[in-house]
Amino acid sequence: MTSNLTHPIKSLLARGAILGVVASLVMAMFAMIASGTYQHHGFLTPLYAIAAVLVSPSNAMASMKAAMSGNAFWFVLGPSIVGAAIHMMTGAMYGAAFALVVSKLKGGILIAAGAVFGLAAFAISTLVAL
């Protein structure tokens, strides 16, 4: 038997996680487009770089080498799936945490809190996790 208190919290965390995944997909699209166009690193290089947390970083290097040779879409299935999964799980975690922290905020304060939280998530992911 569950209490009435746990249901709203589970619902809040689930919504936050889903929206975090959506946000992570938007960020991934931006990073991949930037990497494949004006950065000239290869379209899928960000996924390979994320996957390097668990698998060999050689795929990220190979993707960048291929991009320098004119092939911006060098592809390896396994590491790209691993990178995408890690990225989306991280987004779900950040989304659930954000939902829990700001569940009572409204309007402009919520937007400001989102901006601060986004910068903190960026800093943590960049400086600590990677």
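Conventions adopted
Residues numbered from 1 in each chain as written. Predicted model: local features only at pLDDT ≥ 70, side-chain atom pairs only at ≥ 80, totals over all residues. Heavy atoms only, no water. 1 Å grid on protein atoms, 1.4 Å probe; cavity = no way out; pocket = protein on both sides within 12 Å on 5 of 7 lines; lining within 4 Å. Points joined across faces, edges and corners; volume = space filled by probe spheres on them. Helix = DSSP H or I, 4+ residues; strand = E, 2+ residues; numbered from the N terminus. Nonpolar A, V, L, I, M, F, W, Y, C, P; charged D, E, K, R; others polar. Patch = residues over 30% accessible without salt bridge, like charges linked within 9 Å, V, L, I, M, F, W, Y side chains within 5 Å. Areas by Shrake-Rupley, 256 points an atom, 1.4 Å probe, with all protein chains shown as cover. Salt bridge = Lys/Arg side-chain N within 4 Å of Asp/Glu carboxyl O. Buried < 20%, exposed > 50% of the residue type's maximum accessible area, 1.4 Å probe, protein only. Expected span 1.5 Å × (residues − 1). Contact = heavy atoms within 4.5 Å. Axes fitted to C-alpha atoms, helices over the stretch in contact; angles between N-to-C directions. Parallel < 35°, antiparallel > 145°, perpendicular 65-115°, else oblique. Left-handed = near helix turned anticlockwise from the far one by under 90°. Core = buried A, V, L, I, M, F, W, Y, C linked by side-chain atoms within 4.5 Å.

A. Just the layout of surface pockets, in detail. Taken as a whole, the largest pocket spans an internal volume of roughly 1,200 Å³. Only α1 (6-36), α2 (45-51), α4 (77-101) and α5 (107-129) provide two or more residues apiece to the lining of the largest pocket. Ranked by residues supplied to the lining of the largest pocket, first place goes to α1 with 11 residues. Across the lining of the largest pocket, the residue classes break down as 24 nonpolar, 12 polar and 1 charged.

B. Expanded view of a nonpolar patch on the surface. On the surface, I18, L19, V22, V26, M29 and I33 cluster together to form a nonpolar patch covering roughly 600 Å² of accessible area. Residue placement: L19 occurs in helix α1.

C. Geometry of unusual backbone geometry. If you check the backbone angles, H40 has positive phi at about 55° while not being a glycine. You can see H40 is positioned in the loop between α1 and α2. Judged by relative accessible area, H40 falls into the exposed class, the value being 56%.

D. Inspection of α1 at higher detail. Over its 31 residues, α1 extends 44 Å from the first C-alpha to the last, a length consistent with the 45 Å expected when each residue adds 1.5 Å. Within α1 the residues assigned to the buried category are L12, G16, G20, S24, A28, M32, A34 and S35. For α1, the secondary structure elements touched by its buried residues are α2 and α4.

E. Up close: the packing of α1 against α4. Where α1 contacts α4, the two axes come as close as 6 Å, and the packing angle between them is 135°. With respect to α4, the element α1 is oriented oblique. By crossing handedness, the relation of α1 to α4 is classed as right-handed. Residues L12, L13, G16, A17, G20, V21, S24, L25, M27 and A28 of α1 lie in contact with α4, whose contacting residues are H87, M88, G91, A92, G95, A96, A99 and L100. Here the contact of α1 with α4 is composed, by residue class, of 12 nonpolar, 6 polar and no charged.

F. Region of the structure containing the nonpolar core. M32, L44, L47, Y48 and A60 form the largest nonpolar core, which has 5 residues in total. Excluding anything up to four places from it in sequence, A60 contacts T45, Y48 and A49.

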